[in-house]
Each structure stands twice: as structure tokens, then as C-alpha cells.
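Residue strings, one per chain:
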Amino acid sequence: MKSLQQLYAEGGESRTFVNQFVNGPHGGRWRRAQDHWSRTVEHVAHHARELERMPSDEAQQTAETLARTLAWTLARVHKCWACSV
């Protein structure tokens, strides 16, 4: 799994996502945002049944993509599912 710092370093859309995820629902707290990002990816990886049939590298990448979609959608309205758990 890529860390938020790694995603930020990619620039472009990844950097925009990280900025919104860290500064929106997490008030600029990188450590908390990283913890919630990791939990989001792990949650998606654990609960997405279609990932079970994929090779592990592909499953991890798909879980990360799905997690980013979920996190980005919520971060746009300053929310994070892990903050509310």
C-alpha cells in the first residue's frame, strides 16, 4: 500500500486527493490521516469479495483504488468513515 506521503509525491490528482484527505476531515493531522488511510485500504481489501480471486499484487492495487474512491468522495464533504467508527 502506498502511504499518503508516497501519493503526495506522485503529484497531480494524487496530491490533490492527499491534500483534501489530510486537510479536510483530518484538520491537517498527517499521522491521523495516514492511520485512517491505512484502515480504509485494509477495510476495502478485507470486504471486497472480488479481490479474493485476484493475484495478491493486483488485489492490493485494486483495494487501494477502491479505497481512494471512497476516501476522496467523503473527503470532499470533509468526512472520513474511519473518523466515525
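The model shown is predicted, which means the values in this text are computed figures rather than measured ones. (Residues numbered from 1 in each chain as written. Predicted model: local features only at pLDDT ≥ 70, side-chain atom pairs only at ≥ 80, totals over all residues. Heavy atoms only, no water.)

### Regarding the packing of aromatic side chains
On inspection of all chains with the given rule, the structure shows five aromatic pairs. For the pair Phe-17 and Phe-21, a centre-to-centre distance of 5.6 Å together with 25 degrees between the ring planes defines the contact as stacked. In this pair, Phe-17 and Phe-21 are both assigned in helix 2 (residues 12–23), four residues apart and thus about one turn of the helix distant. Across the pair, Phe-21 and Phe-17 agree in class, each one buried. Between Phe-21 and Trp-37 the ring centres are 6.3 Å apart and the planes differ by 75 degrees, which places this aromatic pair in the edge-to-face class. With Phe-21 in helix 2 and Trp-37 in helix 3 (residues 30–47), this pair connects stretches of sequence that are 16 residues apart. A relative accessible area of 0% means that Trp-37 is categorised as buried. (Phe/Tyr/Trp six-rings, centres within 6.5 Å; stacked < 30°, edge-to-face > 60°. Helix = DSSP H or I, 4+ residues; strand = E, 2+ residues; numbered from the N terminus. Buried < 20%, exposed > 50% of the residue type's maximum accessible area, 1.4 Å probe, protein only.)

### A short note on helix 2
Between the first and last C-alpha of helix 2 there are 17 Å, a value that for 12 residues agrees with the 16 Å anticipated at 1.5 Å per step. Those residues of helix 2 not exposed but buried are Ser-14, Phe-17, Val-18, Phe-21 and Val-22. Angularly, the buried residues of helix 2 cover 115 degrees about the axis, an arc narrow enough to put them on a single face. When the buried face of helix 2 is taken as reference, the exposed residues oriented beyond 90 degrees from it are Gly-12 and Glu-13. Lining the buried residues of helix 2 we find helix 1 (4–10), helix 3 and helix 4 (56–75). (Expected span 1.5 Å × (residues − 1). Arc of directions from axis to C-beta. Contact = heavy atoms within 4.5 Å.)

Interpretation note: all reported values are geometric properties and have no functional meaning in isolation.
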